[in-house]
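Report on the structure
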Amino acid sequence: MQVLVTGGVGYIGSHTVVSLLEAGHSVIVVDNLVNSKIETLDKIKQITNKDIIFYQVDVTDESAVENIFTNHSIDGIIHFAGLKAVSESVERPLTYYYNNLVSTLVLVKVCQKYNVNRFVFSSSATVYGDNKVPFVESMNLFPTTNPYGETKAISERILIDITKANPAFSLAILRYFNPVGAHESGLIGEAPNGIPNNLMPYVTQVAKGKLNKLRVFGNDYPTTDGTGVRDFIHVTDLAEGHVAALDYLTAGTHIYNLGTGEGTSVLELIHAFEVANEIKVPYEIVERRPGDIASCYADTTKAKQELGWVAKRDIIEMCRDAWRFEKNYKE
Ligand code: NAD
Ligand code: UFG
């Protein structure tokens, strides 16, 4: 298939481009580089030995997107492009709603005009809110606690309605749990701008000595050791989940959790990182972070049954690969 990947220079997108190329698909990447670096494309070429067509385009720009559809015959889309920093979304809700919703609307509109009927959307476990774990796709969704989360919940609803009205349209909504790790080559990985918000990049930067100490947000949650529990998933497993979803797609809406089904606490993750890499991660316990939930992990039955996909890489591999990338990474 010829696959258009929006946000394909970013963290999850770049790993998915690698998996798509390795599975024999050809790829067109569209990214405005607002949160990524063009050098990543060279790294992808280094890993795969394959060429990628690239457009530096903002996906909210309808005529620029349409131009790509007139230049190429596209079989399917994976739509990663979006802004994702939770705290920034609270400070700049308009920017988040505009970017994340308009990009999705433009893409679907152009897809319909050019008869492109396979659409894979990056959603998030955040749409489950504070439901009871494990989260199952059929659950009623709870409100999210921030504009970023709302953009995912609203996008899901828009896409589901459009799919209902267009019997030929095939939609996969993929709800990611906590993607971590990096490609085993150490060439591509997660490189957030400024001080990281998320746990794993914070841990790797503390290990590197870029940051002094990790702050563990709360140890009084109703979990095994009191710290938050998450379903960390290796980004390469996540990437492979996209290829499986794209291959499987049939008309209608299909929603899948992409997680491992295993909960790991913050302290367990720190310990795994220390064991995997033989390096200490100094930390202190501080207050809970507002908006955090105690536990979040997936029921993965549906993806396994329908897509034949399961996450294969364990927490040690996630920690090892995350560290290999951070060690080599130069700003
Ligand atoms: P990322 O920021 O690394 O990648 C997103 C890419 O999209 C970046 O390269 C950015 O430059 C690009 N982009 C943003 N807005 C754009 C626009 N209007 N036009 C063109 N390009 C644009 O983020 P990621 O972690 O790879 O996340 C990919 C997707 O997965 C996002 O939609 C994100 O919300 C979703 N998601 C991420 C996580 C996570 O923890 N990383 C969890 C759940 C869902
Ligand atoms: N944590 C710390 N210290 C830190 C950072 C995080 O203790 O410096 C803790 C958090 O309190 C939480 C856990 O580590 O218990 C994971 O936090 P992350 O920020 O890494 O991830 P979240 O689960 O909060 O959110 C992530 C993405 C969201 C996405 C969600 C889906 O950031 O975009 O996963 O499950 F919606």
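Source: prediction; values computed, not measured.

Definitions and limits used
Residues numbered from 1 in each chain as written. Chains lettered and ligands numbered in written order. Predicted model: local features only at pLDDT ≥ 70, side-chain atom pairs only at ≥ 80, totals over all residues. Heavy atoms only, no water. Phe/Tyr/Trp six-rings, centres within 6.5 Å; stacked < 30°, edge-to-face > 60°. Lys NZ or Arg CZ within 6 Å of the ring centre and 35° of its normal. Helix = DSSP H or I, 4+ residues; strand = E, 2+ residues; numbered from the N terminus. Polar contact = N/O pair within 3.5 Å; in protein donor to acceptor, adjacent residues only side chain to side chain. Contact = heavy atoms within 4.5 Å. Salt bridge = Lys/Arg side-chain N within 4 Å of Asp/Glu carboxyl O. Buried < 20%, exposed > 50% of the residue type's maximum accessible area, 1.4 Å probe, protein only. Disulfide = S-S within 2.5 Å. Core = buried A, V, L, I, M, F, W, Y, C linked by side-chain atoms within 4.5 Å. Pairing = 2+ DSSP bridges. Axes fitted to C-alpha atoms, helices over the stretch in contact; angles between N-to-C directions. Near = heavy atom within 4 Å. Nonpolar A, V, L, I, M, F, W, Y, C, P; charged D, E, K, R; others polar.

What follows deals with the packing of aromatic side chains. Counted under the stated rule, the structure contains 8 aromatic pairs. Taken together, Y128, F135 and F177 form an aromatic cluster joined through their ring pairs. Lying over the aromatic face of Y128, R175 brings its terminal NZ or CZ to 4.9 Å of the ring centre. The residue whose ring lies beneath K302 is Y256, and the NZ or CZ to ring-centre distance is 5.0 Å.

Turning to the side chain of T104, a few remarks are in order. With respect to the secondary-structure elements, T104 resides in helix α5 (residues 93-113). Side chain to side chain, T104 and H79 meet in a polar contact 3.1 Å long. Excluding anything up to four places from it in sequence, T104 contacts H79, F121, S155 and L159.

Tallied over the full model, the rule gives 13 salt bridges. Here K109 makes a salt bridge to E62, at a shortest N to O gap of 3.0 Å. Here K109 is found in helix α5, whereas its partner E62 is found in helix α3 (residues 62-71), with 47 residues between them in sequence. You can call E62 partly exposed: its relative accessible area is 29%. Put simply, R289 and D292 hold a salt bridge, and the shortest N to O gap is 3.1 Å. Linked by salt bridges that have partners in common, D237, E240, K312 and R313 make up one network.

This model, assessed by the stated rule, comprises 0 disulfides. No disulfide involves C319; its sulfur sits 17 Å from that of C296, the nearest cysteine. According to the relative accessible area criterion, C319 is buried, its value standing at 0%.

Okay, the nonpolar core next. Judged by nonpolar contacts, the single largest core of 35 residues is most densely connected at V17, L20, V27, I52 and L174. Sorting the residues of this core by element identifies β1 (2-6), α1 (11-22), β2 (26-30), α2 (39-48), β6 (170-176), α8 (235-248), β11 (252-258) and α10 (301-307) as the ones contributing at least two each. Ignoring sequence-local partners within four residues, the contact set of I52 consists of V17, L21, V27, V29, L41, I44 and K45. Of all hydrophobic cores here, the second largest spans 25 residues; its members include I77, V116, L171 and I255.

The subject of this paragraph is the sheet that holds strand β3 (residues 53-55). Pairing between the strands of a sheet is mediated by backbone hydrogen bonds and can be parallel or antiparallel. Taken in spatial order, the 7 strands line up as β3-β2-β1-β4-β5-β6-β11 in an open sheet, and their pairing is parallel. Each of the sheet's edge strands pairs with one partner strand only, and the pair in question is β3 and β11. Each neighbouring strand pair of the sheet contributes to a mean axis angle of 20°, computed without reference to strand direction. Looking at chain direction, β6 and β11 are connected through 7 bridges and run parallel. Among the inter-strand pairings, L174 is bridged to a residue of β11, identified as Y256. Across the sheet, α5 lies against β1, β4 (76-79) and β5 (118-124), angled at about 180° from β4, the strand it touches most.

What follows deals with the side chain of H79. Here H79 shows up in strand β4. Residue classification places H79 among the buried residues on the basis of a relative accessible area of 1%. Polar contacts involving the side chain of H79 include one to the side chain of T6, which spans 2.7 Å. Here H79 is in contact with T6, S103, T104, L107, F119, V120, F121 and S122, once residues within four sequence places are set aside.

Our next topic: the site of ligand 2. In the vicinity of ligand 2, 21 residues are found, and the nearest of them are S124, N198, R215, R230 and D292. Within the contact set of ligand 2, an oxygen atom lies 2.9 Å away from a backbone nitrogen or oxygen of F217. Residue D292 places a side-chain N or O atom 2.6 Å away from an oxygen atom belonging to ligand 2. Those elements giving two or more residues to the shell around ligand 2 turn out to be α7 (199-208) and β8 (214-217). By residue number, the principal contributor to the shell around ligand 2 is β8, which donates 4 residues. A per-class count over the shell around ligand 2 returns 11 nonpolar, 6 polar and 4 charged.

What follows is about the sheet that holds strand β12 (residues 264-265). With mixed pairing, the 3 strands of this open sheet are ordered in space as β12-β9-β14. The sheet terminates laterally at β12 and β14 (295-296), the two strands that pair on one side only. For strand β9 (residues 229-230) and β14, the ladder comprises 2 bridges, and the chain directions are parallel. Paired with R230 across the bridge in β14 is C296.

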